[in-house]
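Given next are the chains, with one letter for each unit.
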Amino acid sequence: MSSTGPAISSVNSLLSEWDKGSKVVRARILADFVNRNQAKTGPELESEFAQAASLFLTRITAWLRLSYMVGTCLNLQLQALTIFLSASSGHKFLAEFLEVGGVLTLLEILGLKQAKEDDKAQALRVLMCIANSGRKYKELICESYGIRAIAECLARSRSEETQECARTALQTLAQGNPKFENQVYKGLIALLPASSPKAQQMAAQTLRIVQKIVGQANPSIVDPLVTLLKSYHLEVQFEVIELIKDLMEYDVQDQLLLSLVSALVPRKDELLKRPEILDDPSAPDLKRPLPVFIQQASAAKVIGILVKESRPIAEKLIQLRCVHNLMVAMGNEDHADSQRQASITLEVRSLSS
């Protein structure tokens, strides 16, 4: 009992220093709090603040809502929130943060053009703390248009750390959240045509996980997936091929096979559409093949993998005139890899027999 008085006095002194302090003072208090309270439980945090931890959390939250647009000490604020919201037996802190619209503030940070990438990554970590607290919290994030905000952050970000945090957040929102799992799935499909190769790779990678959760394949996945076979990036190609293999178990199989066979013979208008950089006289001699030739070679490669794994798929491909289209690809003198991949696939016994 004798230690209670000094503890309360110390907390009152800290809160008073915060209330009167400049942003430099508050930053110091936050940094000290973050350094001293990593991985503490809810009861331990209450003990640290003489059962008045909520008073400190309220001050952090209020400052965050007032200053997040300009980014004042934003990362420290978010780190401090992470400590409160990830504390085991700390549901009281979570409830208090949600009551003041904390989720909407975090989602707005993700959409701020002026926000730093590491601030967005930290905001995503706070969102994951909330999502990991249970299904109803995942639903709350989704009801606040969180799937769209996180997906857009992943598409626009140029930081791999932020993109990985966004990818993990989307995966988390799909797991154990039947009400919104399909919305996450569609959001990931919408990311496949993103301009960032890393976003494309992560979308395809996460779709492999979420596809199993959702169970049924959406036909809208086929076109953007086969289009990604045009990618110059091997890591994107790898994830796309693995996802195509997975999708052979779903009812989009016929649609996918038809698209792959069609990709073996580029349309004339696609052959005329050269990327502008290839015709730029000031650019170095890139010697890059047309994207449709990359797609042609990749389609031949995928078909080769599929026919080795399944005789019924091989028979379907034969009916789709796959052998004829592979012969066309093998005759492509402008792209040696198309010739090589088509030749290898034509040698597969189930296609030639």
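Residues numbered from 1 in each chain as written. Predicted model: local features only at pLDDT ≥ 70, side-chain atom pairs only at ≥ 80, totals over all residues. Heavy atoms only, no water.

Enquirer: Would you mind showing me how to read the overall build of the protein here?
Expert: Counting its regular elements, the protein contains 22 helices and zero strands. Each of the three principal axes of the protein carries a C-alpha extent, and together these read 90 × 50 × 25 Å. Counting every position in the protein, which comprises 353 residues, the buried fraction comes to 51%. By sequence separation, contacts in the protein at least 24 residues apart represent 70% of the contacts at least 6 residues apart. Of the roughly 17,300 Å² of accessible surface on the protein, a fraction of 53% belongs to carbon and sulfur atoms. (Helix = DSSP H or I, 4+ residues; strand = E, 2+ residues; numbered from the N terminus. Buried < 20%, exposed > 50% of the residue type's maximum accessible area, 1.4 Å probe, protein only. Contact = heavy atoms within 4.5 Å. Areas by Shrake-Rupley, 256 points an atom, 1.4 Å probe, with all protein chains shown as cover.)

Enquirer: Is there a simple way to think about the side chain of Thr61 in this case?
Expert: As for its position among the elements, Thr61 is in helix H4 (residues 53–67). Using a relative accessible area of 5% as the deciding quantity, one classes Thr61 as buried. Every residue in contact with Thr61, bar those within four places of it in the chain, is listed here: Leu81, Phe97 and Val100.

Enquirer: Any chance you could explain the pattern of salt bridges here in plain terms?
Expert: Where side chains of opposite charge bring their charged atoms close, a pairing between them can arise. Going through the model one piece at a time under the given rule, you end up with 18 salt bridges. As a salt-bridge pair, Lys40 and Glu48 come within 3.1 Å of each other at their nearest N and O atoms. Lys40 sits in the partly exposed class, given a relative accessible area of 21%. Take Glu48: its relative accessible area is 28%, and that puts it in the partly exposed class. Linking Glu139 and Arg135 is a salt bridge whose minimum nitrogen-to-oxygen distance equals 3.2 Å. On the criterion of helical spacing, the pair formed by Glu139 and Arg135 is a turn pair, its members being four residues apart in helix H9 (residues 135–143). Taking the relative accessible area as the measure of exposure, Glu139 reaches 15% and is therefore buried. Bridged by salt links that share partners, the residues Asp32, Arg36, Lys40 and Glu48 form one connected network. (Salt bridge = Lys/Arg side-chain N within 4 Å of Asp/Glu carboxyl O.)

Enquirer: What am I meant to see in the packing of aromatic side chains here?
Expert: We describe a pair of aromatic rings using the distance from one ring centre to the other and the angle between the two ring planes. Going through the model one piece at a time under the given rule, you end up with eight aromatic pairs. Taking 5.6 Å as the distance between ring centres and 80° as the angle between the ring planes, the aromatic pair formed by Trp18 and Phe56 counts as edge-to-face. In this pair, Trp18 is assigned in helix H1 (residues 4–20) and Phe56 in helix H4, connecting sequence segments 38 residues apart. For Phe56, a relative accessible area of 1% translates into the label buried. Through a chain of ring-to-ring contacts, the aromatic side chains of Trp18, Phe33, Phe49, Phe56, Trp63, Phe84 and Phe93 assemble into a single cluster. Over the ring of Trp63 we find Arg26, and its NZ or CZ is 5.3 Å from the ring centre. (Phe/Tyr/Trp six-rings, centres within 6.5 Å; stacked < 30°, edge-to-face > 60°. Lys NZ or Arg CZ within 6 Å of the ring centre and 35° of its normal.)

Enquirer: Explain the layout of surface pockets here, please?
Expert: The method is simple in principle: a probe with the dimensions of a water molecule rolls over the atoms, and the space it marks as empty is what remains. Within this model, the largest pocket holds a volume of roughly 270 Å³. Around the largest pocket, the lining is made up of 13 residues, and of these Ala194, Gln200, Thr227, Leu228 and Ser231 lie nearest the centre. For the lining of the largest pocket, the elements supplying multiple residues, two or more each, are helix H13 (197–214) and helix H14 (222–227). Considered class by class, the residues forming the lining of the largest pocket number seven nonpolar, five polar and one charged. (1 Å grid on protein atoms, 1.4 Å probe; cavity = no way out; pocket = protein on both sides within 12 Å on 5 of 7 lines; lining within 4 Å. Points joined across faces, edges and corners; volume = space filled by probe spheres on them. Nonpolar A, V, L, I, M, F, W, Y, C, P; charged D, E, K, R; others polar.)

Enquirer: What should I look at first to understand the environment of Arg167 in this one?
Expert: Tracing the chain through its elements places Arg167 in helix H11 (residues 160–174). In this structure Arg167 comes out as buried when scored by relative accessible area, which is 9%. Sequence separation of Arg167 and Cys153 is 14 residues, and the distance between their C-alpha atoms is 9.6 Å. Among residues more than four places away in sequence, those in contact with Arg167 are Leu154, Met202, Gln205 and Thr206. In terms of polar contacts, Arg167 uses its side chain to reach the side chain of Thr206, at 3.2 Å. (Polar contact = N/O pair within 3.5 Å; in protein donor to acceptor, adjacent residues only side chain to side chain.)

Enquirer: Looking at this structure, how should I read helix H12 (residues 181–191)?
Expert: Listing the buried residues of H12 in full gives Glu181, Val184, Tyr185, Gly187, Leu188, Ile189 and Leu191. Of the surrounding elements, those touching the buried residues of H12 are helix H10 (146–156), H11, H13 and H14.

Enquirer: When you look at empty space enclosed by the protein in this model, what are you seeing that I'm missing?
Expert: One pass over the structure, following the stated rule, counts one cavity of 30 Å³ or more. Space inside the largest cavity adds up to approximately 30 Å³. In terms of lining residues, the largest cavity is bounded by Leu127, Met128, Ala131, Ile141, Ile150, Ala169 and Leu173. For the lining of the largest cavity, the secondary-structure elements that each account for two or more residues are helix H8 (117–131) and H11. Top contributing element to the lining of the largest cavity by residue count: H8, with three residues. Residues belonging to the lining of the largest cavity are distributed by class as follows: seven nonpolar, no polar and no charged.

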